[in-house]
Structure formats: C-alpha cells, structure tokens
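Structural characterization, general
Chain residues, written in single-letter form:
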Amino acid sequence: MSSSVEQHSPLLRDAAAARRILRQMVLIRRFEERTEEQYTRARIGGYCHLAIGEEAANVGAIEPLTDADYLFGSYRDHGTALAVGSDPAAVMGELFGKATGVAGGYGGSMHLVDVERRFLGGWGIVGGHLPIAVGAALALDYREADGVVLCQLGDGAMNTGAFHEALNLAALWKLPIVFQVINNQYGMGTSVAMASAETELWKRAAAYEMHGERVDGNDVDAVYEAASRLLQIAREQRRPALLETLTYRFRGHSVADAGKVYRTPEEIAAWKARDPIELFAARAIEAGVLTADDVAVLRRDVDTQVSDAIKEAASAPSPDVAHLYDNVYGDAGTGEQFARMDTAAPFGERRETRNWRT
Amino acid sequence: MSSSVEQHSPLLRDAAAARRILRQMVLIRRFEERTEEQYTRARIGGYCHLAIGEEAANVGAIEPLTDADYLFGSYRDHGTALAVGSDPAAVMGELFGKATGVAGGYGGSMHLVDVERRFLGGWGIVGGHLPIAVGAALALDYREADGVVLCQLGDGAMNTGAFHEALNLAALWKLPIVFQVINNQYGMGTSVAMASAETELWKRAAAYEMHGERVDGNDVDAVYEAASRLLQIAREQRRPALLETLTYRFRGHSVADAGKVYRTPEEIAAWKARDPIELFAARAIEAGVLTADDVAVLRRDVDTQVSDAIKEAASAPSPDVAHLYDNVYGDAGTGEQFARMDTAAPFGERRETRNWRT
Amino acid sequence: MTYREALRRALDEELERDDNVFLMGEEIGRFEGSYKVTAGLWKKWGGKRVRETPISEEGFVGAGIGAAMLGLRPVVEIMTVNFILVAMDMVVNHAAKISQMFGGKINVPMVIRTPGGAGAQLTAQHSQSLEVMFAHTPGLKVVAPSSPADAYGLLKTAIRDDDPVLFMENLILYNQTGPIPDDDGDEGLVPIGRANVVRPGDDLTMVAHSYTVRRCLTVADRLSQLGVQAEVIDLRSLRPLDVDTVVDSVRRTGRCLVAEEGWSTFGVGAEVAARVHRACFDDLDAPVERVGGAEVPMPYAKPLEMAAMPLEDKIEAAARGLLRDCGVL
Amino acid sequence: MTYREALRRALDEELERDDNVFLMGEEIGRFEGSYKVTAGLWKKWGGKRVRETPISEEGFVGAGIGAAMLGLRPVVEIMTVNFILVAMDMVVNHAAKISQMFGGKINVPMVIRTPGGAGAQLTAQHSQSLEVMFAHTPGLKVVAPSSPADAYGLLKTAIRDDDPVLFMENLILYNQTGPIPDDDGDEGLVPIGRANVVRPGDDLTMVAHSYTVRRCLTVADRLSQLGVQAEVIDLRSLRPLDVDTVVDSVRRTGRCLVAEEGWSTFGVGAEVAARVHRACFDDLDAPVERVGGAEVPMPYAKPLEMAAMPLEDKIEAAARGLLRDCGVL
Ligand SMILES: Cc1ncc(C[n+]2csc(CCOP(=O)(O)OP(=O)(O)O)c2C)c(N)n1
Ligand SMILES: Cc1ncc(C[n+]2csc(CCOP(=O)(O)OP(=O)(O)O)c2C)c(N)n1
Ligand SMILES: [Mg+2]
Ligand SMILES: [Mg+2]
C-alpha cells in the first residue's frame, strides 16, 4: 500500500514536500486551537469560524497555486490564509484587531486578505464572493494572463443564487477558475440533505456543462492531485471545474456554537478517526519520507511559531482612530471631496461650522 | 400517421376538445395581432410583449389545469391569461389601462391577473416570480390541498439566481409545482447559446434531482401530454418537474423590436413553417374531427370576439385618479394610519396644513 | 422578560392563535435560531410551522410572498438585516408592489423579522442598519421596537396585519429586559404607526428608534443631572411615520435631536429633521441636531468600531452642543 | 447631441483611451443596448471590450467587482435601475465595502450605469428612482447628470475614478439634446461632487437632480413671467453631496424647494431639506418645500401615472404656494 501511496502522491516524493505539507496542516490546526483559546479570553472579537478538521482540504487545494494565480475564500478563512503562506503573526494580528493585521485591523476574522500572495479575501456574505472570483478570472482571461483562480466555498453556499449565476458565467465564458466546495456537511446546523435537493454536490456542475468531481477532503494527497489537475485544465484549456472536497469540521460553526445539537457523537467520532493530519503523518512515516521524530519536532516548531505570533499580535498597536475614514475610498481625491460637504453635514466626525447663528 | 396522432392526442378524441384547443390558440394569435395594431395606434402604453408563435406552449400546458390549480406567468403573459380563460375584453381593457381591466388598469400588459381563475400574474422582473410560485405551492402543500402550480418562465430566466433557489426549494421540499420553460430561443436579442452554458435547458433539472424533459413546444398535443403527466405526478407524488417547451416567437422581443438583427430570415421562416396553429388545424382536419369549414368559422368567430373586446375596452372608463392610493396596501386600516402622518408630510397629495405660520 | 423572550412569546402565541401563521428561515429550527429567538418553537410546533431553509434568502422570502398571496401568514426570519440585500428584489420589487400592481386584488400578509445593528465587531458586512431603504418604499410597513413590550405587541400586530411588514430588531436589544403588559383585553397589541413618548420632558426632544432609544434614555438621565429634562420619543414605526407625536413635543420644547444607529446621510433622521423643521418652523430655537453612525463601512478593531458608533457620549455631546447654542447650558 | 449620444461618445473615447476599460451588460452588443446607448460599440470594439451577458445581474455586477479588484475598469450597464435590486448585495455589501474591509489594500474602480425614472407607463416594477438607497451608502459615489454635457463629462470622470460609482441615468433624458463642450484641455471632464447652478435667480432656490432639473427649469421660466427669478441648482452628484452650493444660494434667496422624481419620504429631498434648514436657519423665510413622486408603486393607466409623477404643474404649484406663504406672490 505504501508504494501505491507514493505512486499517487507527489507530496511524498521527497521529505521536503512532505514536511512542508504536514507543517502547513499542523500550523492551521495549532493556530486555530490557540485562536479558540484567545477568543474565549476575549482578545478576539466578532465571529470566529475555525478550520479545524479542514486542513487537508485547504492545504491540498492551495498547494498547487503558482505566483500567477489568485485565491478567494469564504469567511472561514484562517486556514486559507495560512495555507497560502500569509504570516501567522499578521493573521493573528488581524484577529486581534491590530494595525499590523493583514487588513490593518479593519477586516477581522472573516476578511483576511493578502494582496502580495494574491489571496483576495475572506468574505462574509455566503455565496457573495463567487461572482467576484469569476470577475477575477475574467480579468486574467482579458489580459491573456497565465493565472487561474481558486475559489473556495461551503456546501451551504451552493444554494445561493450567486452560486448559480457565477458558475454559469464561468462556464459560458470559459474562464480559468476552479470552484472548490469544502463540503463539511453542514452550513451552521443545517445538513446538506436539509439544504440541497441533490446531495452529491459535485453533480450540480453538469447544469453548467462543467466538469465536477468529488474527492476525499481529508486526504491531502487526493485533494492535491485533483486540484493540480483541474487547475491545470482551467489554466490551459480555459475549462472551469467544480471540485468537491468532502470533509468535516471538528468544531461547531463558530466558537459560539458547540456543534452538538445537530450532530451525533458517533458521527463526530467517526470523522475524528480520519483526522487529515494523522492520516498524512502516518502515511509519510509509512512511506519512509518522515520519521515520527520529524513529526514531533515539526509540531514543537509550529507551537513556538504560533506562540510567537500571538505574542507579536498582542503587543502590536491598535489602528489609530484618526484613520477611521482613510480606507472608505481608494481614490486619494475623495477626502477633499467629502470635506466640501462640511456644512452641517454628518459626514465624518468634524466639528460642524455652526454658521447658522453667527 | 393520422391514427398515431389520434392515439397520442386526447385533444383529437372529439370535436369539442379539438375546437376548444384550436379556438384558444387562434384567439391568442388574433388577440396579439390586434394588440400589436392597437399598440402602434398608441392605445396601449408601456412595453408590449407578444406571444405570437407560442400559442401551443401556452394552451397545451394550461389546458390540463383544474379548479384547484394555480398559474404564474412571466411578463409575456397575454397568451397565458387567454389560455386560462380570462375574458379577452378585460385583458384588452387592462392593456388599454381601463378600470374594467383585469388589474383595474393598475398593472398593464406585464401584470395581468385573474384571481378567480387562480392566475396569479404577470410579473416583470425576469425570474422574480419563480420563488413566489414556489411559495404558492408551499401553501397548497401546507393546506394539504389537491392543487398544483404551473409556473411559466423564459429561457433567459433560467440564468437568474432566483431560478436556482426556487428549483432547489421546490425539489427539497417536494412541492406540487411544474416549471414550464417556454424556450423561444432568445431572451431579447440573446440566444440560449450566448446565455446558458448548458443549452439543453431541461437537463438543468438534474442539479435539483428533479425530473426534466423537453417537448416540441409547437406541437400542442405533445405539450398537453407532457404537462398533463407532469402536473399529475406533482399533484399526486409531490414531485416537481421542469418541462421545456421548445418554441419560437415570430415577432421581436417587444413591439418596439423588429426582432431581425439577431436572427436570420431563414431561421424565422423555418419556424413559421411549423406554425403551431397550422400544425394542429391540419392534424385535426386530417384526423377528421374538424373540417376546413369548421376552422374558417372558428377564425371568423374569434375575429369578432377580439373586435368586440377592443370596442368594449375602448369605451370603458379610465380608473379614477381619486383612487391612486387605494391599492397600495391591502389593509383597510392603512389609509387612516397614513393620514395621521399629515403634518408637512409628502405622503399623498393632501393639502398640507401650513400650521407653521398660522 | 427579555426582548428575545418577548418575541418568542409573540411568535408562540400567534402560532397557537392562527393555523395560517408559520415561521420560515435559516437555522430557526434544530439550531434554535442564530440568536435563539425561536428556541423551542421547532420542538413544539414541528417542521411545518417552523420551517428551516437553505441559504436562499431570495428563494424563501419569495416563497413567503407566494404563501401570503394564498392567505397564509408567513413570518420570515432573515438572520441579520445585512443578508436581506440578496432578497432586496423580493422585498422592494415584489412584496411592496403586489397589492397595487394587481389592482388591489391580492395582498401580502407577511412579516420579515430581522436584526440589525453593530457593536460586536462583526465588521462591514454584518453591522448595518438599513431600515431607511425600506422606510422609503411605499407598499411596505416598517417597525423597529426598542422594548420587550413593544417587541411583543408590535410583532403580534404585524403578524395580523394584511400587508408586508418589515420588523427590524437589533442584536444588542435581544438581552434587554422589561415587562410586557398583562392582557387587559387588547392582548398587549401595539398599533403600527404610533410613536411613543418614553420619557417626558420640556427642554429638549430626543427622537430615536430601536436600540438608540435606550441610548437616548441614558443621555436624558445624564442631562437631568444638569437640570435639563429631555423628552425621549421612540418612533417605533418608520413607515408610517408618526410625525404628529414628534411635532407636538417639539412645539413644546423648541429643540430637537434625532439619533440613529445607521448612517445619518439620507438616513432616518433626515426625514424627521425635514419634517420637524417644516412643521415647527417658528417653534425651533435652533436647527434640529442629527447624530448617526460614522459614514464608513464598519471596521473591525474595537477602538475603530467604538469611534464609528453613535454611542451615548456622542449623543450627549450633540445634545449639549445644541443646548449650549440655545443658551440653556 | 443627445444625452444618449453623449454617453456613447464618452464610452467610446474611454474605450479608446484605456485598454482596461470594458463594458458589460445585457443586450449591449448585437442588440445595441436596450435603450441604444451602446449602439455601434460592439461592432467597433468586439465582444471582449463590449461583453454581452445573460440575465444574471448579481453575477455580472459581481464579475465587474472582481475584474476591478484586479485593475480593470468595468463599466457595467444595468438595463434599468429596477433590476439592480437583484444585485443589491453586490453593490452595497461588496463594492461599497471592499476598500475599507480589506484595510485599504484593494479598491474597486467600477462604474454601474443605469437609467431610472417613469413616464412611459412601465408600471410598478419598471418605474423607480432608487438613487437614495445608494446615496445612503458610504463607499459608493453616486452621480445623476441632467444634461448631455454633464452626462459626457461625469461618465468620463466616473470611469477614471478609483471607486465604485453609481451612474444614474434617466429614460426620458436619453433624447434630451444639448451641446457638449469643446475639449479645451480638460477633456470636458466634470468633477464628481460639485453641484451646478444651471439658472441664476435671487427669489427662490430650486434644487433637483437628473430629469427633474429640466422640469424645474420649465417651472422657473413660468415663474419668471410672474416676475420671480428662481435659481435652479442641479445637484449632479448625490454622494458626495455638494451642500455648499445650495446653501450659498439659499442664504441669498431665503426660499428653497427640492424636487425629485422618486418618493419624497426618506428621499433625496429629505437630506437636502435637513441640511438647508440647519445651515440656513436664520436665512429661510419659510420651510423648505419638497416635491416628489406620489407614495405609490407606479400604476399603469396614463391618468394615474400622470397623477403620481412630480410633473411641472405640481412643482409649480408647490413653488407658488411657497412664494405665497412668503408674501412674494
Ligand atoms: C447570504 C447569507 N446568509 C446567511 C449568512 C449567515 N451564515 C454565515 S455562515 C453560514 C453557513 C454557511 O455554510 P457553508 O457554506 O457550508 O460554510 P461552512 O460554515 O460550513 O464553512 C450562514 C448561514 C450569511 N453570512 N450570508
Ligand atoms: C432581472 C431583470 N433583468 C432584466 C430584465 C429586462 N428583460 C425583460 S424581458 C428580458 C428577456 C427575457 O427573456 P426570456 O426569459 O427568454 O423570456 P422571453 O422574452 O423570451 O419570453 C429581459 C432581459 C428584467 N425584466 N428583469
Ligand atoms: Mg459547510
Ligand atoms: Mg426567451
């Protein structure tokens, strides 16, 4: 079996690759565990959606992206950001609402971003980013660029009108984009069967004459193989695809949700027995590319890295309230324009000119 | 061949049925021709979308509806209203903006309605009525009523997010509804191939685990057979369906569009050679249930009926401007409520109480 | 009783009273509601009366409209008001238009419940107060209660109303406590379209709706320590808007401040100010003062969010400024 | 040159000037645009620069946003403003939020062109003027030109602007004729955020935008026959709103009327009136007068539609009433 694993898994061809993949997954896991802890300590506000359990789906699909490619995620985006290589300290900084955060403290958990790595968010309206990702693919096509877009979404997002319009446009216009459904089987407390008339989500691609397929989302090799292949086809043949990665979130929908009312302990246990990190680590050891010791060292390294990220984030400055209005518009001239509206205007926090009684 | 027609066509079993069907189709055709003429004479305002060429799709699908059933249409709804049996004079009255119109002159061409016949509009936002029709089916199911909903839509409407959400809900909730796509091959000047990645529209039903099928929409027998069957299944087994009726509009998108820029004369001619009325008339004559004379008499009758409808509409009164606000709310108490907002309020056209300087 | 419980009780009682009433929305069943308003109702009433939906706001708001056209009385929950933007076409182009467009032959007895508001660092896409978009639209009614009693009474009224009612809740209000009145024959119903003087006073009229009413009450208490008695008016309903009650007050006080959680510009306060200025032209000592959220998409970091929100201090500062301008302070 | 031709020329020139500019929308290609604004451009520029779309407003507005995030400059046409409601989430929750939400790291240089207005018996779902919903939203800019010159100059400015601009046209205006200025170095650009005094006068300030400006000009002519000189101000831009220009005028005239085609309540005029009252508190002879469309979904029958629209007679009656109240007439 180990030889067949090796055969199917470029990730196990050398120790460096295996270590990188495992490290990314362990980093996400550890980062999220500490995030949960920091959240309960009220150092993080807002909603907080963890990617624990979905590490293989994230890392496997994002690993094949090149410098020319773009990435879009949903609001459950910590794992996405880490998988694409964003600095954990800057990601944690964002969760802490610090000026050093990836979005300068303006975005928070749901709106991570990393323009340098072409990770274009972190979006909070379910399904809303799908047409936007299509637009990014359109821009690549318009410019005859080599890039392709990977757009993640949840199983719940597939029931939004935006999904339908986005997939039809992508297929109709032959755009370089792969939609990755991270099917973790629930949208909040709603199972796929309660939400989707066709529960084999990959099959819905056919409605757009698009290729669809499902892989085991806890098997990082399988995800990597499928994503590489579909991204390549999208890039070279301008044929978009829908890749369903079947996985499970070990935690509730958000830190505020215990995640137990709508799921049985058996179901949770069965999925935990197929922990994507354990699966890959075991396989790497079995294939002889990593030792148990390597894995232990790696885990310790990651622990330190995440602790350092937290420390760095904690000591970073908050954004300056004086900059509240600075990012509302991208156009530098706008500040001046809006300032002209000063007369008795509630724009901004300016001291109003009480010229009515002077 | 005539025997196989008879076999497949309950519409040709007796002269009464054949005459009724033919009459409905001829009525739509004649009504629309005269509507076009009245529109160019400026007796009709707004947009004006004709159903010429789509008579079989309308009549064949609507014929099987019972007293328990509900019908929804798009803005191209004159044929829909006539097929369900609305009074041509009241339909023409609506087009003329008269108080005697089916919507009292408030709705116009796109918003025909006939509550008595459970025809619930006439809707102007492409795709918008689909979720609403699903709601009607939900109400039938909620009440455990025997009825089923027939909801018409255009090929263009299939690319709206509303379509996706509506079909998924209908299938997921096992509602008694049949969606009839009147695929006339264009949404304004946009062909199906320019708009839909999957051009065999009926296939899209599979994305909702819904039954889909395509029939010749110019063959009233075929439409009738399929609609009867699918309505029955929806009614009895609570399994919704998507029925694609392939047809063609002989005119432009609206009276303002010549309909020629985006279509070839050959294409138009080929479809006109398969005129749904001629097809059925020929078949009825061939089958021996109607004579050529019957058909001629029927045509003359319809001519008179439509002329009378126009005369009646023309002489009917306009709605009284005093009732401008009467229909905004269904709740009788609302008038009083809004009246209380009188102080300097721009609600209504009331003379304001200029109490600020008295 | 909390505001949340008041809503729940109203829903429960209306489900009991009328078989045509049913609830529909995301996570309102097994999950007990994202903000737990519907907790227990699915268990009690089952999936037919408490219908869980996929993430398809356009679809299920539309389905609510269609069901209402056939005489049911759907109470649709939109998890937060921000998501209603995907169903905007259903609300503004459909629900609001049906009665008029079909010549009064069909009406739409539907309630859409949805919480708005900010303050929990939910950021730009989850912190809006969009009620003015609906208040602007003829064919809709819009209410926004600020207390458990009003939440209870207005929700029951809204469910029994024959028109589409937008029922605007507020995330922070859910835990607000207060009594709900005993049923003395009127079932605790609160009419749509009547403002409420929640605190009497002769020196300043403060006008608000939803959670901002609570903020104004706090500010009024603070001002009373300076010897200024502010009258606080809870609009309760934005469409219809009860201008009379506000005008009666301003005629007496001569001073008016309107506060709201949403953006001021083209906001609720603009309409109130325009009307007060007009009706009280000779009564006002100074122009109407407006306070609202900063004109920015809500940022995440706590200091930024606090700076963007119309908190008590900001309202108080505006009130003091106004009173100073009038020579009262 | 007509307003339609002015728009077309601006589009054509911007397509020429900048490879990043492209048009996208329903029927804008082969069909030449539902209202023929884009006629000829598809033939000239091809399907890449003039992209025809399915009926998927949410989808292609979103695609415009995504393309803009990567630096293209999409000009998206929504056939009429009524249909933007299906894309509301893209406009309000996405386009308006991106710059702030991502900490200023990404911006959205996109234009959404769309005509509103009534008058052709298009009824409830096709006759709206929804600009106030966008004017209320920080992160957006909103312009509404009333003349060919402004249509030309503002559209070019909007396309070059680095933020999402809602460009509100008007169905009746398309055939309006007027000169567009010779290029004297500024390319005829009109800045966003500057109102325009289109007719000077000292007796009354009339404020409007889009087609209603033309109506006000007609009324001003009629009033001049009574010896009253009305100043007519075209707001041109609603966000930002140029209050200064209006205030300067009202300080002089002491009287102000705001007219708009949309519903008055919570409409554009509410904000203008609120601000004018505040800034000109001691200057006004009488309260600001507001005129707007009747508070109804637009009915079909011509007499009803005429009664519902803020036509010249209605504006004139309001102006006369105001002038009478001030003792001028
Ligand atoms: C349009 C919209 N409706 C509702 C919500 C509230 N909401 C946030 S996450 C979520 C569930 C999403 O499920 P899924 O797409 O499967 O993603 P997952 O949480 O499983 O990663 C919902 C309903 C939202 N953000 N946007
Ligand atoms: C949401 C929306 N977008 C655009 C329009 C403008 N429009 C009216 S009819 C139409 C074409 C519809 O095509 P189809 O659904 O095929 O119906 P057909 O006209 O062929 O009957 C369009 C784009 C609209 N009414 N609603
Ligand atoms: Mg999920
Ligand atoms: Mg069609």
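So, a few notes on the structure that sits alongside this text. All values derive from a computational prediction rather than experimental measurement. (Residues numbered from 1 in each chain as written. Chains lettered and ligands numbered in written order. Predicted model: local features only at pLDDT ≥ 70, side-chain atom pairs only at ≥ 80, totals over all residues. Heavy atoms only, no water.)

With that settled, the discussion passes to the coordination of the magnesium ion (ligand 4). All names here are of chain B. Coordination of the magnesium ion (ligand 4) by the protein comes from Asp155 (OD), Asn184 (OD1) and Tyr186 (O), over a distance range of 2.1 Å. All donor residues of the magnesium ion (ligand 4) come from one chain, and their arrangement in sequence is D-x28-N-x1-Y. Separated by 29 residues along the polypeptide, Asp155 in the loop between strand E2 (149-154) and helix H7 (161-172) and Asn184 in the loop between strand E3 (177-183) and strand E4 (186-187) bring together distant segments of the chain. Of the two residues, Asp155 and Asn184, both sit in the buried class. (Donors = N, O, S within 2.8 Å, 3.2 Å for Na, K, Ca; no water. Helix = DSSP H or I, 4+ residues; strand = E, 2+ residues; numbered from the N terminus. Buried < 20%, exposed > 50% of the residue type's maximum accessible area, 1.4 Å probe, protein only.)

Attention shifts here to the site of ligand 1. Every one of the 20 residues lining ligand 1 counts as a neighbour, but Tyr75, Arg76, Asn184 and Tyr186 of chain A together with Glu57 of chain C are closest to it. Of the chains in the model, those with residues near ligand 1 are chains A and C. A distance of 2.7 Å is found between an oxygen atom of ligand 1 and a side-chain nitrogen or oxygen belonging to Asn184 of chain A. Here ligand 1, which alone exposes 590 Å², has 96% of that area covered by the protein. Across the shell around ligand 1, the residue classes break down as 9 nonpolar, 7 polar and 4 charged. (Near = heavy atom within 4 Å. Polar contact = N/O pair within 3.5 Å; in protein donor to acceptor, adjacent residues only side chain to side chain. Areas by Shrake-Rupley, 256 points an atom, 1.4 Å probe, with all protein chains shown as cover. Nonpolar A, V, L, I, M, F, W, Y, C, P; charged D, E, K, R; others polar.)

For the rest of this paragraph, the subject is the coordination of the magnesium ion (ligand 3). Residue and element names in this part refer to chain A. Coordination sphere of the magnesium ion (ligand 3), protein contribution only: Asp155 (OD), Asn184 (OD1) and Tyr186 (O), at 2.0 to 2.1 Å. Binding-site remark: the magnesium ion (ligand 3) is held by donors from one chain whose sequence spacing is D-x28-N-x1-Y. Here Asp155, found in the loop between strand E2 (149-154) and helix H7 (161-172), pairs with Tyr186, found in strand E4 (residues 186-187); they are 31 residues apart in sequence, far enough to count as distant. In this pair, the class of Asp155 matches that of Tyr186, namely buried.

Residues and elements named next belong to chain D. Pairing is mixed across the open sheet formed by 7 strands, whose spatial order is E2-E1-E3-E4-E6-E5-E10. Single-partner strands in this sheet number two, and they are strand E2 (50-52) and strand E10 (237-239). Here the strands of the sheet are splayed against their neighbours by 20° on average, with no regard to which way each runs. With 3 bridges joining them, strand E1 (residues 21-25) and E2 adopt parallel strand pairing. Counterpart to Leu23 in the pairing with E2 is Val50. (Pairing = 2+ DSSP bridges. Axes fitted to C-alpha atoms, helices over the stretch in contact; angles between N-to-C directions.)

Turning our attention to unusual backbone geometry. Most peptide bonds take the trans configuration, and most residues that are not glycine carry a negative phi. At the junction of Arg239 of chain C and Pro240 of chain C, the peptide bond is cis and its omega measures out at 0° in the coordinates. Note that Pro240 of chain C resides in the loop between strand E10 (237-239) and helix H9 (243-253). The residue Met188 of chain A is not glycine, and still its phi comes out positive at about 50°. Tracing the chain through its elements places Met188 of chain A in the loop between E4 and strand E5 (190-191). Met188 of chain A sits in the buried class, given a relative accessible area of 14%. Unlike most non-glycine residues, Thr123 of chain D shows phi in positive territory, near 70°. If you trace the backbone, Thr123 of chain D turns up in the loop between strand E4 (111-116) and helix H6 (131-135). Looking at Thr123 of chain D, the relative accessible area reads 2%, which means it is buried.

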